[in-house]
Amino acid sequence: MAFPEPKPRPPELPQKRLKTLDCAQGAVRAVRFNVDGNYCLTCGSDKTLKLWNPLRGTLLRTYSGHGYEVLDAAGSFDNSNLCSGGGDKAVVLWDVASGQVVRKFRGHAGKVSTVQFNEEATVILSGSIDSSIRCWDCRSRRPEPVQTLDEARDGVSSVKVSDHEVLAGSVDGRVRRYDLRMGQLFSDYVGSPITCTCFSRDGQCTLVSSLDSTLRLLDKDTGELLGEYKGHKNQEYKLDCCLSERDTHVVSCSEDGKVFFWDLVEGALALALPVGCGVVQSLAYHPTEPCLLTAMGGSVQCWREEAYEAEDGAG
């Protein structure tokens, strides 16, 4: 006789503040986990990029080489490289261990607001307020992009990459999905300027936030609206949104100093987490655990579930 499967634990939300990192790099424009969630990157208005162990609160390395504020960054699948984009219109490929600039790609006509590696970390995709997405070959010495996606009619605010797709949100109010296997472009009109897009972890849905203070969950294949989430404030800033580590909750920054969590299926507000006085500029959700990073002003806050006990030396 087979035993019944144990009931999965109910999802826990990160609402206990473990650490505050004083990043000392001006305003933190973005905070990003690396691929396994052990480290994070902070992008500073002082032109630097910093690598941290967020649970310990330790700074591991500072990367200097941008000519203006750093607006986004990402780590490669093997943790050997970083990419970043900024107000200097440049896309930079870094060596993690040495802290050195490997390549600096120039070609955008405006600030670079979003960067991502492809899965193999052979290509960097960068989105800019110049309305284009450019694809840069990390291994080539060519100065020009290998491909430019210029369907957007206004600035590109968000780019995400899966193994065969590129998801892009634009200020023109459209979310575009490029299927690289099929060579097809799918477009959904939201109507309000899009600030952030992301795939659900199961790859079936896309989450879109826009400047009408609304998040929308869309069926990736049909574009059908599956859910709307409201209550937060997002009317002027490019703010991050994401799904929790098990796709149970929709998570968003807000201009009123909180992070909002909604039940994905019910659409009901589950938690409004007070972070501080000001705009929660950026957030990052751990890939496998209920752990959240938030950025406000010059600091980053690390949050865990209430039951979490820090290990010796990590608290």
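Residues numbered from 1 in each chain as written. Predicted model: local features only at pLDDT ≥ 70, side-chain atom pairs only at ≥ 80, totals over all residues. Heavy atoms only, no water.

Caption draft 1: Focus on the overall build of the protein chain. Check the secondary structure of the protein chain and you find zero helices and 28 strands. Taken against the 2.2 N^0.38 rule, which gives 20 Å for 315 residues, the C-alpha radius of gyration of the protein chain at 19 Å falls within 12% of a compact globule. For the protein chain, the residues scored as buried account for 55% of the 315 residues in total. Long-range contacts, defined as pairs at least 24 residues apart, comprise 43% of the intrachain contacts of the protein chain with a sequence gap of at least 6. Surface accessibility of the protein chain: about 13800 Å² in total, with carbon and sulfur atoms responsible for 48%. Positive and negative charge centroids in the protein chain, built from 35 and 43 side chains respectively, lie 6 Å apart. (Helix = DSSP H or I, 4+ residues; strand = E, 2+ residues; numbered from the N terminus. Rg over C-alpha atoms; globule rule 2.2 N^0.38 Å. Buried < 20%, exposed > 50% of the residue type's maximum accessible area, 1.4 Å probe, protein only. Contact = heavy atoms within 4.5 Å. Areas by Shrake-Rupley, 256 points an atom, 1.4 Å probe, with all protein chains shown as cover. Lys, Arg positive; Asp, Glu negative; His and termini not counted. Charge placed at Lys NZ, Arg CZ, Asp CG, Glu CD.)

Caption draft 2: Structural detail: the nonpolar core. Grouped together as the largest cluster of nonpolar side chains are 16 residues, with contacts concentrated most on Val251, Val259, Phe261, Leu273, Leu283 and Leu292. Those elements that provide at least two residues to this core are β23 (249-253), β24 (258-263), β25 (269-274), β26 (282-285) and β27 (291-296). (Core = buried A, V, L, I, M, F, W, Y, C linked by side-chain atoms within 4.5 Å.)

Caption draft 3: The sheet that holds strand β18 (residues 194-199), seen in detail. Taken in spatial order, the four strands make up an open sheet running β18-β19-β20-β21, and their pairing is antiparallel. Edge positions in the sheet fall to β18 and β21 (225-230), since each of these pairs with one other strand and no more. Taking each pair of neighbouring strands and ignoring which way they run, the sheet shows an average axis angle of 15 degrees. (Pairing = 2+ DSSP bridges. Axes fitted to C-alpha atoms, helices over the stretch in contact; angles between N-to-C directions.)

Caption draft 4: Seen up close, the UniProt feature "repeat: WD" (unreviewed entry) in the protein chain. As annotated by UniProt and renumbered to match this structure, "repeat: WD" (unreviewed entry) occupies residues 21-62, 63-104 and 105-146. Helix makes up 0% of residues 21-62 and strand 57%, with an end-to-end C-alpha separation of 14 Å. Within the segment residues 105-146, helix and strand shares are 0% and 45% respectively, and the terminal C-alpha atoms sit 11 Å apart. (UniProt positions renumbered as here; feature names shortened; annotations may be inferred.)

Caption draft 5: The pairing of strand β7 (residues 81-86), seen in detail. Of all six residues in β7, five are buried; the element is thus mostly enclosed. For strand β6 (residues 70-75) and β7, the ladder comprises five bridges, and the chain directions are antiparallel. Among the inter-strand pairings, Asp72 is bridged to a residue of β7, identified as Gly85. Where β6 hands over to β7, the hairpin turn is made up of five residues, of which Asn79 adopts a positive phi near 65 degrees. Pairing between β7 and strand β8 (residues 90-95): five bridges, direction antiparallel. Its bridge partner lying in β8, Gly85 is registered against Val91.

Caption draft 6: Broad picture of the sheet that holds strand β28 (residues 299-304). Strand order in the open sheet made by the four strands is β1-β28-β27-β26, with antiparallel pairing throughout. Every other strand in the sheet has two partners, leaving β1 (16-22) and β26 as the edge strands with one partner each. Going across the sheet, the axis of each strand differs from the next one's by a mean of 20 degrees, ignoring polarity.

Caption draft 7: Representation of the environment of Val31 within the structure. Positionally, Val31 belongs in strand β2 (residues 28-33). Each C-alpha atom of the pair Val31 and Asp247 lies 20 Å from the other, and the pair is 216 residues apart in sequence. Ignoring any residue separated from it by four or fewer positions in sequence, one finds Val31 in contact with Cys40, Leu41, Thr42, Ser282, Leu283, Ala284, Leu293, Thr294, Ala295 and Val300.

Caption draft 8: Seen up close, the pattern of salt bridges. According to the stated counting rule, one finds 17 salt bridges in the structure shown. The residue Glu228 makes a salt bridge to Arg216 at a minimum N-O spacing of 3.5 Å. Highlighted residues: Glu228 in strand β21 and Arg216 in strand β20 (residues 214-219), separated in sequence by twelve residues. Judged by its relative accessible area of 38%, Glu228 falls in the partly exposed class. Two residues, Lys258 and Asp256, come together in a salt bridge whose shortest N-O distance is 4.0 Å. (Salt bridge = Lys/Arg side-chain N within 4 Å of Asp/Glu carboxyl O.)

Caption draft 9: Summary view of the side chain of Ser252. Relative to the helices and strands, Ser252 resides in strand β23. Owing to a relative accessible area of 2%, Ser252 belongs among the buried residues under this scheme. With residues near it in sequence (within four places) discarded, Ser252 still touches Leu215, His232, Asp240, Cys241, Lys258, Val259, Phe260, Trp262 and Leu283.

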